[in-house]
Amino acid sequence: MKILNALLGAAAAVSLFAASANAQTYPERTITMVVPFSAGGPTDTVARLVAESMSKDLGQQIIVENVGGAGGTLGAGRVAQADPDGYTLLLHHIGMATSATLYRKLAYDTLNAFEYVGLVTEVPMTIVARKDFEPTDLKGLIEHVKANKDTVTVANAGIGAASHLCGMMFMSAIETPLTTVPYKGTGPAMTDLLGGQVDIMCDQTTNTTKQIQGGTIKAYAVTSPQRLKIFPDLPTAEEAGLAGFQVGIWHGIYAPKGTPAEVTDRLSKSLQKALKDENVVARFGELGTEPSSEADATPAALKAKLESEITRWKPVIEAAGQYAD
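Counting starts from 1 at the beginning of each chain's written sequence and moves along it residue by residue. In view of the model being predicted, local features appear only for residues whose pLDDT reaches at least 70, and side-chain atom pairs are presented and counted only at 80 or more, with totals across whole chains, interfaces and linings using the full set of residues. Side-chain metrics rest on all non-hydrogen atoms present in the structure, leaving aside hydrogens and water.

Caption draft 1: Representation of unusual backbone geometry within the structure. Residue Pro27 is bonded to the preceding Tyr26 through a cis peptide linkage, with omega at -5 degrees. Assignment of secondary structure puts Pro27 in the loop between α1 (2-25) and β1 (31-35). Under the scheme used here, helices are H or I runs from DSSP no shorter than 4 residues and strands are E runs no shorter than 2 residues, and both carry numbers assigned from the N terminus.

Listed below in structure tokens is the structure:
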């Protein structure tokens, strides 16, 4: 028995040494960053900007792979099952928190199936409508949808998508259920809004900025605490009459549970550097958002954010009674 215990102890020591050695030389090959939504969408845009800059710092390419479906849970589930070696990462948005309640049967434990790298950015939302929609301001919009609740349609990119969550909170805030029209991605939803097939949508500035600037959709408010530099004349939802209506779609990077701390720390440091990259800062600005601070681009900050957001959204989702399974 003593010999067996000695052998097991030696094997564990060798394994630990190997893991430590691998962590010290990390990364040695291409890294895959899974985005659990379709290519070209707002989360994909954020991921590709950050991945490009982090690749330069790490000396290895980060390839973005889109694994959409089931409100982001398919992609998240894939990363949860991946080898914990730092070569498969997940960039997810606020849906990481809301899926814990939206899906009553998940293939992974949201809080305990991942290691944390850091927060990337918190993107404001915009309340928008087809360009020929009658209301001219948010107060008028609320009055109009209340009076026409049986005919007004709200587009979203699918259950669990940022647009779905924001739309659900909007209906809760005005205490008026509306007909929701889910799509398989942000692109198709925006296409039908542009074409006038649906009336309103609540979506990230990373997806709506160019359309607002081009006048192809009508904007009523932003969901940030303050007005945005990119839209100085567009009021916040609170200014326009929706007290306390603030929704930010935050994004974070995760790794499979068991990924060595040396690896997640290396990734966190690389993320912090990427978020100071002049190109990333400029492109984020064009999209109506800003990079997370160095203090927020850390494992501890992301973990705390996820925990608090699960707590925040749980009663909202349960009150709406809208589940994905």
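Caption draft 2: A look at the environment of Leu58. One can find Leu58 in helix α2 (residues 42-58). Separated by 27 residues in sequence, Leu58 and Ile31 place their C-alpha atoms 9.9 Å apart. Throughout, a residue-residue contact means that at least one pair of heavy atoms, one from each residue, lies within 4.5 Å. Leu58 has contacts with Pro27, Ile31, Arg266, Leu267 and Ser270, leaving out every residue within four places of it along the chain.

Caption draft 3: Structural view of the pattern of salt bridges. By definition here, a salt bridge exists when the distance from a side-chain nitrogen of Lys or Arg to a carboxyl oxygen of Asp or Glu is within 4 Å. The tally for this structure, following the rule as stated, stands at 13 salt bridges. For Asp57, the salt bridge goes to Arg266, with nearest N and O atoms at 3.1 Å. Within this pair, whereas Asp57 is found in helix α2, its partner Arg266 is found in helix α9 (residues 261-274), the two being separated by 209 residues in sequence. Exposure classes here rest on a 1.4 Å probe applied to the protein chains alone. A residue is buried below 20% of its type maximum, exposed above 50%, and partly exposed in between. By relative accessible area, Asp57 is classed as partly exposed at 21%. Asp57 serves as the salt-bridge partner of Lys273, at 3.3 Å between the closest nitrogen and oxygen.

Caption draft 4: Focus on helix α11 (residues 299-320). With 22 residues, α11 should cover 32 Å at 1.5 Å per step; its first-to-last C-alpha distance of 32 Å lies within 8% of that length. For a residue, the bend is simply the angle between two axes, fitted respectively to the seven-residue segment ending there and the seven-residue segment starting there. Approximately 30 degrees is the largest bend angle found in α11, and it occurs at Trp313, with the proline Pro315 only one to four residues beyond. Taken residue by residue, α11 has Ala301, Leu302, Leu306, Glu309, Ile310, Trp313 and Ile317 as its buried positions. Where α11 is buried, its residues contact α4 (95-102), β4 (114-130), α6 (162-173) and β9 (248-256). Downstream of α11 by one or two residues, Gly321 has phi in the positive range, about 70 degrees. Given a helix with a known number of residues, its expected span is that number minus one, times 1.5 Å.

Caption draft 5: Region of interest: the environment of Glu52. Among the structural elements, Glu52 can be located in helix α2. Using a relative accessible area of 44% as the deciding quantity, one classes Glu52 as partly exposed. Along the backbone, Glu52 and Ile62 are ten residues apart, and their C-alpha atoms lie at a distance of 7.0 Å.

Caption draft 6: Quick look at the state of the cysteines. The term disulfide is used for any two cysteine sulfur atoms that are within 2.5 Å. The tally for this structure, following the rule as stated, stands at one disulfide. Two residues, Cys166 and Cys202, share a disulfide whose sulfurs are 1.8 Å apart. Placement of Cys166 in helix α6 and of Cys202 in strand β7 (residues 200-204) is noted, with a sequence separation of 36 residues between them. In this structure Cys166 comes out as buried when scored by relative accessible area, which is 0%. What makes Cys202 buried here is its relative accessible area of 3%.

Caption draft 7: Layout of the packing of aromatic side chains. Pairing of aromatic rings covers Phe, Tyr and Trp, the last counted by its six-membered ring, and requires centre-to-centre distances within 6.5 Å; plane angles under 30 degrees mean stacked, over 60 mean edge-to-face, and any other angle means tilted. Applying the stated criterion to the full structure yields five aromatic pairs. Where Phe170 meets Phe245, the ring centres are 6.5 Å apart and the plane angle is 85 degrees; that geometry is what we call edge-to-face. Pair noted here: Phe170 is in helix α6 and Phe245 is in the loop between β8 (217-222) and β9, with a separation of 75 residues, a long-range link. By relative accessible area, Phe170 is classed as buried at 3%.

Caption draft 8: Layout of the nonpolar core. Among the buried residues, those of types Ala, Val, Leu, Ile, Met, Phe, Trp, Tyr and Cys that are joined through side-chain atoms within 4.5 Å form a nonpolar core. With 52 residues, the main nonpolar core has Phe114 and Ile200 as its most contacted residues. Counting residues in each nonpolar core, the second largest holds 30 residues, with Leu58, Ile62, Phe284 and Leu287 among its members.

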